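# Descriptive analysis of the structure
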Amino acid sequence: MTMNGIDISKWQAGLNLSAVPCDFMIAKATEGIGYVDKACDGFIQQAIKLGKPFGFYHFARPVNDAVREAEYFYNNTRNYFGKGIPVLDWEAERKNDVAWAKRWLDRVYQLSGVRPIIYMSESVVNSYDWSSVANANYGLWVAKYRDNQVDYNYDMTNAGKAPSVKWWKNIAMWQWTSSGRLNGFSGNLDCNVFYGDTTAWNKYAGKSGSSATPATPSVPAKKSNETIAQEVINGAWGNGNDRKSRLTAAGYDYNAIQAIVNSKLATPAKKSNETIAQEVIAGKWGNGNDRKNRLTAAGYDYNAIQAIVNKKAGATQSSAVYYTIKSGDTLSGIASKYGTTYQKLAQLNGISNPNKIYAGQRIRVK
């Protein structure tokens, strides 16, 4: 036996479940760690009143910590558990991060005693190793569309072949179109077929026939503070209070990790003005205001360094030869004229891009 139903969100606000034919309804509940769909509870209360099976889903944003997102979802939907099917919507960034999805599923199961199902496209299922999720008995809801042509009232004549997936022996549900049209609603709808009856639905929801005692989830071992510190440096944990909240939510010692980060990022000993002046002469710090800005930003005394540069330049000034660039000149052409190379001219004059010289610019050629 199968059932037909829809999944909806704020984009279908105003939809009347009593007027739209559906055996079940799944509503978007949350996203990331800061978004609750305002239409969700209204849809679910309609479903409860009508006696329709329902589900509620979380749109994953894996740039955040998995445990923190799982707890955010649970805290905002806890009254729905044991009544409807919880779902992880896996279609945003980092689709290959199976471990993240597993941590989220495990944490929700640990908190609620109900195993969520996971939603993703057929291609994502088959592109990565989902064996850890399938073997943990988390159900699968698959999206696969043959086309974007409008389909009316669950007519699956043009739905194409059912999904073929790895890792799972069976799928719980197939979202076969995003262009479904049903009586009672004027816009397109996602239409789904559930492979089972209400008894099967209730088992997924953790109602009759399903144990509500959570098993100990297989949560991966915590990483060392050194490893997490390096991830922080690489930008994986955000900044400021967001970083602190995410590390704390994941069970890490923020202060200890931040101390390691600070140590790794400690500013190296400053070079002497003489050394920097020599680097300036060698062309490593640019010219004019660019040089001044870069030296100042690095904590050096521009005036003191420039005085050394001027003194060193003055010692060789009498033998120096200069050339004023004309329109159409190239650095390689000027170098050929004076028996040198454009690389040496660029270094001698602190020119970072040999292709960028200007008419009227005075450069030293010897």
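The present account deals with the structure reproduced in this document. (Residues numbered from 1 in each chain as written. Predicted model: local features only at pLDDT ≥ 70, side-chain atom pairs only at ≥ 80, totals over all residues. Heavy atoms only, no water.)

### Considering the environment of Phe59
This is how it is decided: Counting from the N terminus, the helices are DSSP H or I runs at least four residues long and the strands are E runs at least two residues long. Only protein chains enter the calculation, and the probe is 1.4 Å; a residue is then buried if its accessible area is under 20% of its type maximum, exposed if over 50%, and partly exposed in between.
Along the polypeptide, Phe59 turns up in strand β4 (residues 54-59). Overall, the relative accessible area of 14% leaves Phe59 in the buried class. Expressed as a C-alpha distance, the spacing of Phe59 and Thr30, which sit 29 residues apart in the sequence, is 6.3 Å.

### Let's talk about the packing of helix α7 (residues 225-233) against helix α9 (residues 254-264)
Definition in use: Here the axes come from fitting lines to C-alpha atoms, over the contacting stretch only for helices, and the angles between their N-to-C directions go from 0 to 180 degrees. Note on terminology: angles under 35 degrees are roughly parallel, angles over 145 are roughly antiparallel, angles of 65 to 115 are roughly perpendicular, and the others are oblique. Crossing chirality is assigned from the near helix's rotation relative to the far helix, an anticlockwise turn below a right angle marking it left-handed and a clockwise turn marking it right-handed. Here, two residues are considered to be in contact whenever any of their heavy atoms come within 4.5 Å of each other. Here the term charged refers only to Asp, Glu, Lys and Arg, the term nonpolar to Ala, Val, Leu, Ile, Met, Phe, Trp, Tyr, Cys and Pro, and the term polar to all other amino acids, Gly among them.
Relative to each other, α7 and α9 sit at 60 degrees, their axes nearing to 9 Å. If you check the angle between α7 and α9, you find them oblique. Regarding α7 and α9, the two cross each other, and that crossing is right-handed. Contact residues: Asn225, Glu226, Ile228, Ala229, Gln230, Val232 and Ile233 in α7; Ala256, Ile257, Ile260, Val261 and Lys264 in α9. In the contact of α7 with α9, the residues fall into 8 nonpolar, 2 polar and 2 charged.

### Quick notes on the layout of surface pockets
Put simply, the rule reads: Note on definitions: the grid is 1 Å and covers protein atoms alone; a cavity is a set of points where a 1.4 Å probe fits but cannot get out; a pocket is an open set with protein on both sides within 12 Å along at least five of seven lines; lining residues have an atom within 4 Å of a point. Grid points are joined across faces, edges and corners, and a volume is the space filled by probe spheres set on the points.
Taken as a whole, the second largest pocket holds about 490 Å³ of empty space. Along the walls of the second largest pocket sit 22 residues, with Arg291, Val309, Ala313, Leu348 and Asn349 positioned nearest its centre. Among the elements of the structure, α10 (273-281), α11 (288-297), α12 (302-315), α14 (342-349) and β12 (362-364) are those that each provide at least two residues to the lining of the second largest pocket. With 5 residues, the single largest contributor to the lining of the second largest pocket is α12. Split into classes, the residues belonging to the lining of the second largest pocket amount to 8 nonpolar, 10 polar and 4 charged.

### A look at the pattern of salt bridges
Put simply, the rule reads: When a carboxyl oxygen of Asp or Glu is within 4 Å of a side-chain nitrogen of Lys or Arg, the pair counts as a salt bridge.
The full count for this structure, using the stated rule, is 9 salt bridges. With a closest N to O distance of 2.5 Å, Lys28 and Glu31 form a salt bridge. There is no split in this pair, since Lys28 and Glu31 are both buried. For Glu31, the salt bridge goes to Arg61, with nearest N and O atoms at 3.0 Å. Here Glu31, found in strand β2 (residues 24-31), pairs with Arg61, found in the loop between β4 and α2 (66-77); they are 30 residues apart in sequence, far enough to count as distant. Taken together, the shared-partner salt bridges connect Lys28, Glu31, Arg61 and Glu93 into one network.

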